[in-house]
Protein chains: 2
Amino acid sequence: MEKYPGMVVIDFTLPAAVNENAELYCAAGCPFVMGTTGGDRAKLMDDVASAGLYAVIAPQMGKQIVALQAGLETMAESFPAAFGGYTMTVVESHQSTKVDTSGTAKELVKSFNGMLGGEGFSNDDIEMVRDEEGQLGRMGVPKEALSGHAYHTYELTSADGSVTFQFQHNVCGRSIYAEGSVDAAVFLAERIAAGAGDKKVFNMVDVLKSGAMA
Amino acid sequence: MEKYPGMVVIDFTLPAAVNENAELYCAAGCPFVMGTTGGDRAKLMDDVASAGLYAVIAPQMGKQIVALQAGLETMAESFPAAFGGYTMTVVESHQSTKVDTSGTAKELVKSFNGMLGGEGFSNDDIEMVRDEEGQLGRMGVPKEALSGHAYHTYELTSADGSVTFQFQHNVCGRSIYAEGSVDAAVFLAERIAAGAGDKKVFNMVDVLKSGAMA
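Residues numbered from 1 in each chain as written. Chains lettered and ligands numbered in written order. Predicted model: local features only at pLDDT ≥ 70, side-chain atom pairs only at ≥ 80, totals over all residues. Heavy atoms only, no water.

Peer 1: Can you lay out the sheet that holds strand β6 (residues 149–157) of chain A for me, pointing to particular residues and giving the numbers?
Peer 2: The eight strands lie next to each other as β5(A)-β4(A)-β6(A)-β7(A)-β7(B)-β6(B)-β4(B)-β5(B), forming an open sheet whose pairing is mixed. Both outer strands of the open sheet, β5 (127–129) of chain A together with β5 (126–129) of chain B, are each paired with one neighbouring strand and no more. Each strand of the sheet is rotated relative to its neighbour by a mean of 10 degrees, with strand direction disregarded. Packed onto the sheet, helix α4 (residues 103–116) of chain B meets β4 (87–94), β5, β6 (149–157) and β7 (163–172) of chain B and runs at close to 15 degrees relative to β6 of chain B. (Pairing = 2+ DSSP bridges. Helix = DSSP H or I, 4+ residues; strand = E, 2+ residues; numbered from the N terminus. Axes fitted to C-alpha atoms, helices over the stretch in contact; angles between N-to-C directions. Contact = heavy atoms within 4.5 Å.)

Peer 1: An account of the sheet that holds strand β8 (residues 201–202) of chain A is needed here, citing residue identities and associated values.
Peer 2: Residue and element names in this part refer to chain A. Here four strands make up an open sheet; going across it, the order is β1-β2-β3-β8 and the pairing parallel. The strands lining the two open edges of the sheet, one partner per strand, are β1 (9–11) and β8. Relative to β8, strand β3 (residues 55–57) is paired through two bridges, and the arrangement is parallel. Looking at β8, one finds that V56 is bridged to F202.

Peer 1: Run through empty space enclosed by the protein, naming residues and quoting values.
Peer 2: Evaluated as defined, the whole model comprises two cavities of 30 Å³ or more. Looking at the largest cavity, its volume works out to about 40 Å³. Looking at the lining of the largest cavity, the elements that each hand over two or more residues are α3 (63–78) of chain A together with α3 (63–78) of chain B. Tallied by class, the residues present in the lining of the largest cavity amount to eight nonpolar, two polar and no charged. The element that contributes the greatest number of residues to the lining of the second largest cavity is helix α6 (residues 175–194) of chain B, accounting for three residues. Grouping the constituent residues of the lining of the second largest cavity by class yields three nonpolar, four polar and two charged. (1 Å grid on protein atoms, 1.4 Å probe; cavity = no way out; pocket = protein on both sides within 12 Å on 5 of 7 lines; lining within 4 Å. Points joined across faces, edges and corners; volume = space filled by probe spheres on them. Nonpolar A, V, L, I, M, F, W, Y, C, P; charged D, E, K, R; others polar.)

Peer 1: I'd like a description of the domain arrangement of chain A, backed by residues and values.
Peer 2: All names here are of chain A. Under the domain assignment used here, chain A contains domain 1 (9–57 + 176–212) and domain 2 (63–173). Taking the mean C-alpha position of each, domain 1 and domain 2 sit 27 Å from one another. Between domain 1 and domain 2, the contact holds six residues from the first and nine residues from the second. Here domain 1 and domain 2 share an interface that buries about 690 Å² over both sides, 76% of which is from carbon and sulfur atoms. Together, I176, Y177 and L208 form the three largest contributors to the area buried by domain 1 at its contact with domain 2, with a combined 63%. Taken together, the links from domain 1 to domain 2 amount to one salt bridge. The closest approach of N and O atoms between D183 and K63, which form a salt bridge, is 3.0 Å. Where domain 1 meets domain 2, there are one residue pair in polar contact (both at pLDDT 80 or more). Of all the secondary-structure elements, those providing two or more residues to the side of domain 1 that touches domain 2 are α6 (175–194) and α7 (204–209). (Domains from an automatic or database assignment. Buried area = accessible area lost by both parts, 1.4 Å probe. Salt bridge = Lys/Arg side-chain N within 4 Å of Asp/Glu carboxyl O. Polar contact = N/O pair within 3.5 Å; in protein donor to acceptor, adjacent residues only side chain to side chain.)

Peer 1: Let's hear about the interface of chain B and chain A: which residues, and what values?
Peer 2: Across the boundary between the two partners, chain B contributes 35 residues, which contact 36 residues of chain A. Buried area between chain B and chain A, summed over both chains or domains, comes out near 2,900 Å², and the portion from carbon and sulfur atoms is 65%. Of all residues in chain B, the largest losses of buried area upon contact with chain A belong to Q64, F79 and F165 of chain B, amounting jointly to 20% of the total for that side. For the pair chain B and chain A, the number of links is zero salt bridges.

Peer 1: So what's going on with the packing of α3 of chain A against helix α4 (residues 103–116) of chain A? Which residues, and what values?
Peer 2: Residue and element names in this part refer to chain A. For the pair α3 and α4, interaxial distance at closest approach is 8 Å and the crossing angle is 20 degrees. Between α3 and α4, the angle falls in the class roughly parallel. Note that α3 runs across α4; the crossing there is left-handed. Seen from α3, the contacting residues are I65, L68, Q69, L72, E73, M75 and A76; seen from α4, they are T104, E107, L108, S111, F112, G114 and M115. Along the lines of polarity and charge, the residues of the contact of α3 with α4 split into eight nonpolar, four polar and two charged. (Parallel < 35°, antiparallel > 145°, perpendicular 65-115°, else oblique. Left-handed = near helix turned anticlockwise from the far one by under 90°.)

Peer 1: I'd love a proper account of the pairing of β5 of chain B, names of residues and values included.
Peer 2: Along any regular strand the residues' side chains alternate between the sheet's two faces. Bridging between β4 of chain B and β5 of chain B involves four bridges; their strand directions are parallel. For E92 of chain B, the partnering residue across the bridge sits in β5 of chain B and is M128 of chain B.

Peer 1: Tell me about helix α1 (residues 18–28) of chain B, and please be specific about residues and values.
Peer 2: All names here are of chain B. Taken together, the buried positions of α1 are V18, N19, N21, A22, Y25 and C26. End-on view of α1: buried residues confined to an arc of 160 degrees, all on one side of the axis. Exposed residues pointing more than 90 degrees away from the buried face of α1 are listed as E20, L24 and A27. Where the residues of α1 are buried, they touch β1 (9–11), β2 (32–34) and α2 (41–51). Just downstream of α1 lies G29, where phi reads positive at about 65 degrees. (Buried < 20%, exposed > 50% of the residue type's maximum accessible area, 1.4 Å probe, protein only. Arc of directions from axis to C-beta.)

Peer 1: Can you break down the UniProt feature "domain: Dihydrodipicolinate reductase N-terminal" (unreviewed entry) in chain A residue by residue, with the values?
Peer 2: Under the feature "domain: Dihydrodipicolinate reductase N-terminal" (unreviewed entry), the UniProt entry names residues 8–61 of chain A. Each end of residues 8–61 of chain A is marked by a C-alpha atom, and these two atoms are 16 Å apart; helix forms 41% of the span and strand 17%. (UniProt positions renumbered as here; feature names shortened; annotations may be inferred.)

Peer 1: Pulling in residues and values, what's your account of the pairing of β6 of chain A?
Peer 2: All names here are of chain A. Of all nine residues in β6, seven are buried; the element is thus mostly enclosed. Sheet topology note: the strand β4 (residues 87–94)/β6 ladder contains eight bridges and is antiparallel. Residue pairing across strands places T87 opposite T157, the latter belonging to β6. Relative to strand β7 (residues 163–172), β6 runs antiparallel, the two being bridged by nine bridges. Bridge pairing in β7 places T157 opposite T164. Connecting the antiparallel pair β6 and β7 is a turn made up of five residues, with G161 showing a positive phi of about 80 degrees.

Peer 1: Lay out the packing of aromatic side chains with the relevant residues and their values.
Peer 2: For the coordinates displayed, the defined rule picks out 15 aromatic pairs over all chains. Where F167 of chain A meets F167 of chain B, the ring centres are 5.9 Å apart and the plane angle is 80 degrees; that geometry is what we call edge-to-face. Of this pair, F167 of chain A sits in strand β7 while F167 of chain B sits in strand β7, each in a different chain. Assessed through its relative accessible area of 3%, F167 of chain B is described here as buried. Between F112 of chain B and Y154 of chain B, the ring centres sit 5.5 Å apart and the planes meet at 35 degrees, which makes this aromatic pair tilted. (Phe/Tyr/Trp six-rings, centres within 6.5 Å; stacked < 30°, edge-to-face > 60°.)

Take a look at the structure:
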């Protein structure tokens with residue numbers, strides 16, 4: 001820290017390393033951007049707050065995806081019954097090594113449920129595509145992205161079938177996360193330089209909102 | 001009005017009739033829902049305000065589409081640079097008798113431009129599909145909806161091509177507008193019954209927001 005006074009660490013490791021790494025940054029007084037998911041999140045937030053450290057902590061670093069999440073969340077708050085009577089399907093495709101359902105899909109489902117009313121849509125109904133044939137054919141994933149992609153399609157259909165809304169966010173590779181992380185690190189460095197001290201732990205919505213000043 | 005005291009007129013006519021019809025409703029003191037577009041809009045709003053009449057006036061009665069419009073508008077306000085560096089394509093298909101570009105597409109383009117930054121996207125770049133072959137094949141419009149549909153696809157792609165976002169709203173026939181108009185009429189009747197007098201002219205965002213209380 002003495003050698004590199006403006007340093008901001010970017011952390012993309014494994015869930016098991018989340019808390020130990022954060023403890024290290026806290027002990028060293030080193031601001032950080034953490035895109036790693038998992039670990040004990042409550043402990044993570046507590047440790048960083050106690051240390052009074054600057055950090056951007058977000059499970060999703062793709063800032064356009066975060067913008068869509070936040071946009072749908074606001075829609076659901078403002079227009080809770082907008083899609084009453086509609087039915088929804090959600091299908092997501094990721095590399096075959098990903099065993100669990102997309103966390104981003106689950107987040108968006110929460111917002112859609114806010115607008116669907118009634119019983120809403122269950123996370124168990126999210127269709128997972130993990131086979132090469134479905135990925136290349138039905139989902140349209142490029143061959144070179146089979147080992148690293150995140151494709152999501154949400155489709156809402158009116159009760160009489162006459163109206164369909166569709167939302168897609170399709171990511172190949174990891175450059176969107178790298179770009180978002182760099183944005184977050186620059187944002188954090190600016191906050192530290194500005195020295196405004198009452199808020200020190202941020203998320204990607206904060207980073208996005210700062211675009212207002214860009 | 002004496003015979004039907006709770007009456008609310010729903011007006012879907014032609015642009016040329018907008019102002020004369022509104023004058024009639026004002027003279028009769030009859031609350032109305034107007035989905036008709038065109039005419040002298042400033043005069044329309046003035047006439048209704050002067051008459052102190054209750055009305056819902058909206059160029060788009062499909063409330064889910066209005067929700068999407070409002071949602072994207074809010075996203076653009078909150079996250080003005082979220083899609084910086086992205087490129088956009090917009091394609092819309094309507095019945096072959098529609099000569100002008102979709103007004104709804106132009107509205108949404110405004111919001112997307114708020115997030116794209118830079119030069120943004122020109123309305124002239126909205127691709128119009130009016131031929132049967134393109135409608136059935138590429139757009140996937142059902143044959144029975146060729147004479148009445150409104151299909152819209154907005155696609156945003158990152159500079160390096162690795163990320164794509166797509167938004168679609170596809171309407172066959174007119175039931176979405178009929179439903180929205182009935183919702184608007186019910187909303188207006190409730191407002192009149194409640195007697196809250198400081199706001200009397202509403203739009204579909206007001207109707208949607210009232211869903212918060214449903």
